[in-house]
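A closer look at the structure
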Amino acid sequence: MMMKSKYGQEYHCSYYDKRDEEKRILEEEKVALSRGIPELLAPLADEPCLTFTKGWWTYELCYKNKITQFHQNVQDNNVAERVAPIIELGNYETEKDWSNHVPKPHKRSGPPPYHSQTYVNGSKCDLTEQPRKAEVRYSCQAGANDILYAVDEPETCSYILYVRTFRVCSHP
């Protein structure tokens, strides 16, 4: 649009219509969703299990298989051996179903999105007498290798494992 200042100078004015950009992003997300996060993570099945040590315990996540917790003793020759007890935190059960997901406009704040898997029927918990269970949360970290970087126990014998991976970065 052409406009004139009070002194008669002509200016070309335009504005950025954010609605078109948001519509384009939503369309791209729909296409990316059709690929599916499980397909993006599938190569993890052929990779070694991911491990993370926190204090006394070492955690091992074997993709779509099981999660174990154990103590590792390092020998004089720097060879690590597992020390009993080896506790099973869960066996793979299911993952988030994205088929009914409706993409939302991007927000710059808040926690990063993640994909979750559920692992159930682990070793019996001494305190609750129930089988242990775990949730694994995969989030994007561009340029990074697959890394199990944290483990929380928000409830007794119920765990959350956090994995950063480049594999889900192409998904909205």
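My aim in this report is to walk through the structure given alongside it, one point at a time. (Residues numbered from 1 in each chain as written. Predicted model: local features only at pLDDT ≥ 70, side-chain atom pairs only at ≥ 80, totals over all residues. Heavy atoms only, no water.)

1. Observations regarding the sheet that holds strand β7 (residues 115–120)
So the rule is basically this: Two strands pair under a simple rule: DSSP has to find at least two bridges between them. Numbering of helices and strands runs from the N terminus; a helix is a DSSP stretch of H or I covering at least four residues, while a strand is a stretch of E covering at least two. Geometry is summarised by axes, namely lines fitted to C-alpha atoms with helices restricted to the contacting stretch, and by angles between N-to-C directions that run from 0 to 180 degrees.
If you walk across this open sheet you meet the eight strands as β3-β4-β5-β6-β7-β8-β10-β9, and the pairing is mixed. Lying at the two open borders of the sheet, with one neighbouring strand each, are β3 (50–54) and β9 (147–155). Between one strand axis and the next, the sheet turns through 30° on average, direction left out of account. With six bridges joining them, β9 and strand β10 (residues 158–165) adopt antiparallel strand pairing.

2. Describing the nonpolar core
Filter applied, for reference: What is meant by a nonpolar core is a set of buried Ala, Val, Leu, Ile, Met, Phe, Trp, Tyr and Cys residues, joined one to another through side-chain atoms within 4.5 Å. Categorising residues by exposure relies on relative accessible area from a 1.4 Å probe, with only protein chains included: less than 20% of the type maximum marks a residue as buried, more than 50% marks it as exposed, and the intermediate range marks it as partly exposed. We call two residues in contact when some of their heavy atoms are within 4.5 Å.
In this structure, L61, I67, V136, Y138, L148 and L161 are the most contacted members of the largest nonpolar core, which totals 23 residues. Secondary-structure elements contributing two or more residues to this core are α2 (37–41), β3, β4 (57–62), β6 (80–95), β8 (133–140), β9 and β10. Not counting residues up to four positions away in its chain, the partners in contact with Y138 are L41, L44, L61, Y63, P113, Y114, H115, Q117, Y119, V163 and T165.

3. Thoughts on the packing of aromatic side chains
Worth spelling out the cut-off: Think of it this way: a Phe, Tyr or Trp ring, Trp meaning its six-membered ring, pairs with another when their centres are within 6.5 Å, and the plane angle makes it stacked under 30 degrees, edge-to-face over 60, tilted otherwise.
The final tally for this structure, using the stated rule, is three aromatic pairs. Note on Y63 and Y138: the rings are 6.2 Å apart at their centroids and 75° apart in plane angle, and the pair reads as edge-to-face. Of this pair, Y63 sits in the loop between β4 and β5 (66–74) while Y138 is found in strand β8, placing the two residues 75 residues apart along the sequence. Since its relative accessible area comes to 11%, Y63 is described here as buried. Ring plane angle 45° and centroid distance 6.1 Å describe the contact between Y149 and Y162, whose orientation is recorded as tilted.

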